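Observations on chain architecture
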Amino acid sequence: MTIRPVLRALLLLAAATALPGPAAAGPQPQAAFRRGVGVHSMLNWAQVEPADRTRYRSAPFDGPAYDLPDALIANVREAGFDFVRLTVDPGPFLQLSGAPREALDAKLLGTVRRFLGAGLAVLVNLHANSQVPRYDSVNWLHAADTPVFREYLVFVERTARLLAGLNSPAVAFEPINEPPYGYDAASVKRWQAMAEGLHAAVRRGAPDMLVVLTGARGGNRHGLLALDPTPFRGSRVRYSFHYYEPYTFTHQGVASKEPSAALWRYVSDLPYPSASMPAAFVLETVRANVESEPGLDPLTRQRTVSAARAFVSAALAEGFDRRRIEAAFDEVAAWAARHGVDKRQILLGEFGACRTYGRYRAADPISREAWLRDVREEAERRGFAWSVWELSGYGGMALVSEDGASTLDRPSLRALGLYGP
């Protein structure tokens, strides 16, 4: 890619001024990594070239959409969070080269320093998305010997070395998010080799930095239960799993393209616990949601009402309550005990539920608060750390009081055992 001399000089200057060094002045963050929140809006969903959607722009994270107000970051710290889980789209880092690539490293370091300066520890999480197919992990995360995975390991090592240069115990590294892989015995074995490769790449770049590893199967608890932690003993490691069960409750109102989730968009006011609201009320709400959908012909509308009501009836019949959360977390605790892993090394890396606010139609506030509280309390009761999804962004799980706000949703904070501004 040809870069005009002035632009190139500016990019190199930006990179040079953000070389690894001491963290920014300000409150010293605690390195406990116990109560976190995901930040998915600053270094993810990069800008691509309009004329070629497979190519990232040379400055893919520039612009107001990729910034957070200082007031919001301050409110996160004041609320009682001690770290942020900063998601980073690896695609631009893998594709770009030269000055634009070095500017990306500078951007990452500057973002990490900003949180450190606000008194927050930072877990940097490489978090692929589907935007550019070549860098969608669904397409390449199948074996340790694929070309893109080998490129990825080089990138992991480089990033680990970059972060280690900050010389801060309040910086940790999670080299992959939700591997969409490992649903049979053979692929579980292959993922074990890939996880070991990721750990080795981090250690080549950062011998002592805290690293967060996960199992396959979308990073859920079943993937973690299939992971053998033996090769990582003696290393500063935490083990992560994500929890969104039951998905019908946590993702109600989401417009999904997945056939199995096509009816989520019509669900709202689905209760938690399942028996806490009369089924007739929920089914009537679903019917009204379908009826309000524009563009459906009468026959399609009738069939959709019938399918959505059956879908919700099945969800209610599961009888989901706190005991199901307890049982799931007990499995993780048993895995830790079986392998001699301290339970404080377990990180509930993501959990969350869509709420009703603004343009979003999802869980009722009482049910959502109850679910968040039960998940958080059951994690803490076992000594697990946690990071809620997410601080801001679109989709309905944001912690901000409303899209674009710097204040935080108080019922959510209450459920998380936090009492901020």
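Keep in mind that this is a model prediction, so the values were computed, not measured.

**Side note on the pattern of salt bridges**
- Scanning the model with the defined rule gives 29 salt bridges in all.
- Linking Arg322 and Asp374 is a salt bridge whose minimum nitrogen-to-oxygen distance equals 2.8 Å. Here the residue Arg322 occupies a position in helix α12 (residues 322–338), and Asp374 occupies one in helix α13 (residues 365–381), the gap between them amounting to 52 residues.
- Taking relative accessible area as the criterion, Arg322 reaches 24% and is therefore assigned partly exposed.
- Judged by its relative accessible area of 5%, Asp374 falls in the buried class.
- The partner of Arg322 in a salt bridge is Glu377, and the shortest N-O contact between them spans 3.0 Å.

**Topic: the layout of surface pockets**
- By volume, the second largest pocket is sized at about 290 Å³.
- Taken together, Gln252, Gly253, Val254, Ala255, Arg265, Glu293, Cys354, Arg359, Tyr360, Arg361, Ala362 and Gly395 form the lining of the second largest pocket.
- Split by residue class, the lining of the second largest pocket holds five nonpolar, three polar and four charged.

**Observations regarding the side chain of Gln192**
- Residue position: Gln192 is located in helix α7 (residues 185–205).
- Look at Gln192 and you get buried, because its relative accessible area is 12%.
- Non-local contacts of Gln192, meaning those with residues more than four positions away in its chain, are made with Ala226, Leu227, Asp228, Pro231 and Phe232.

**Structural notes on the packing of aromatic side chains**
- For the structure shown, the criterion picks out 23 aromatic pairs.
- Residues Tyr56 and Tyr135 carry aromatic rings whose centres are separated by 6.2 Å and whose planes lie at 40° to one another, so their mutual orientation is tilted. In this pair, Tyr56 is assigned in strand β3 (residues 52–56) and Tyr135 in the loop between β5 (121–126) and α5 (137–140), connecting sequence segments 79 residues apart. This pair shows no difference in class: Tyr56 is buried, exactly as Tyr135 is.

**Overview of the environment of Phe249**
- Looking at where Phe249 falls in the secondary structure, it is placed in helix α9 (residues 247–250).
- Residue Phe249 is classed as buried on the basis of its relative accessible area of 2%.

**A word on α13**
- Helix length check: α13 (17 residues) gives 24 Å between terminal C-alpha atoms against 24 Å at 1.5 Å per residue, within 8%.
- What α13 keeps buried is the set Ser367, Arg368, Glu369, Ala370, Trp371, Leu372, Asp374, Val375, Arg376, Glu378 and Ala379.
- Summarising the contacts, the buried residues of α13 are in contact with β8 (237–243), α9, α12, β9 (346–351), β10 (385–388) and α14 (410–415).
- At the N-terminal end of α13, a side-chain oxygen is found 3.1 Å from the backbone nitrogen of Ile366, two or three residues along, and the residue is Asp364.
- Looking one or two residues beyond α13, the residue adopting positive phi is Gly383, at roughly 90°.

**What about the confidence of the model for the protein?**
- The share of residues in the protein with pLDDT of 70 or more is 93%, and the mean pLDDT across the chain is 92.
- Every residue in residues 1–26 is under pLDDT 50, and counting partners more than four places away or in other chains gives 36 contacts.

**Description of unusual backbone geometry**
- Residues Tyr272 and Pro273 are joined by a peptide bond in cis, for which omega reads -10°.
- Cis geometry is found at the peptide bond from Trp389 to Glu390, where omega equals 0°.
- Turning to its location among the elements, Glu390 is positioned in the loop between β10 and α14.
- In this structure, Phe33 takes a positive phi of about 50° despite not being glycine.
- A residue is classified by how much of its surface remains accessible, and Phe33, at 3% relative accessible area, is buried.
- Phi at Arg217 takes a positive value of approximately 55°, unusual for a residue other than glycine.
- By the secondary structure assignment, Arg217 is in the loop between β7 (210–214) and α8 (221–225).

**Looking at the packing of helix α6 (residues 147–164) against α7**
- At a minimum axis separation of 7 Å, α6 and α7 run at an interaxial angle of 35°. At the point where α6 passes α7, the crossing takes the right-handed sense. Residue-level contacts link Phe149, Tyr152, Leu153, Val156, Glu157, Ala160, Arg161 and Ala164 of α6 to Met194, Gly197, Leu198, Ala201, Val202, Arg204 and Gly205 of α7.
- Here the contact of α6 with α7 is composed, by residue class, of 10 nonpolar, two polar and three charged.

The rules behind the values
- Residues numbered from 1 in each chain as written.
- Predicted model: local features only at pLDDT ≥ 70, side-chain atom pairs only at ≥ 80, totals over all residues.
- Heavy atoms only, no water.
- Salt bridge = Lys/Arg side-chain N within 4 Å of Asp/Glu carboxyl O.
- Helix = DSSP H or I, 4+ residues; strand = E, 2+ residues; numbered from the N terminus.
- Buried < 20%, exposed > 50% of the residue type's maximum accessible area, 1.4 Å probe, protein only.
- 1 Å grid on protein atoms, 1.4 Å probe; cavity = no way out; pocket = protein on both sides within 12 Å on 5 of 7 lines; lining within 4 Å.
- Points joined across faces, edges and corners; volume = space filled by probe spheres on them.
- Nonpolar A, V, L, I, M, F, W, Y, C, P; charged D, E, K, R; others polar.
- Contact = heavy atoms within 4.5 Å.
- Phe/Tyr/Trp six-rings, centres within 6.5 Å; stacked < 30°, edge-to-face > 60°.
- Expected span 1.5 Å × (residues − 1).
- Polar contact = N/O pair within 3.5 Å; in protein donor to acceptor, adjacent residues only side chain to side chain.
- pLDDT = per-residue confidence, 0-100.
- Axes fitted to C-alpha atoms, helices over the stretch in contact; angles between N-to-C directions.
- Left-handed = near helix turned anticlockwise from the far one by under 90°.

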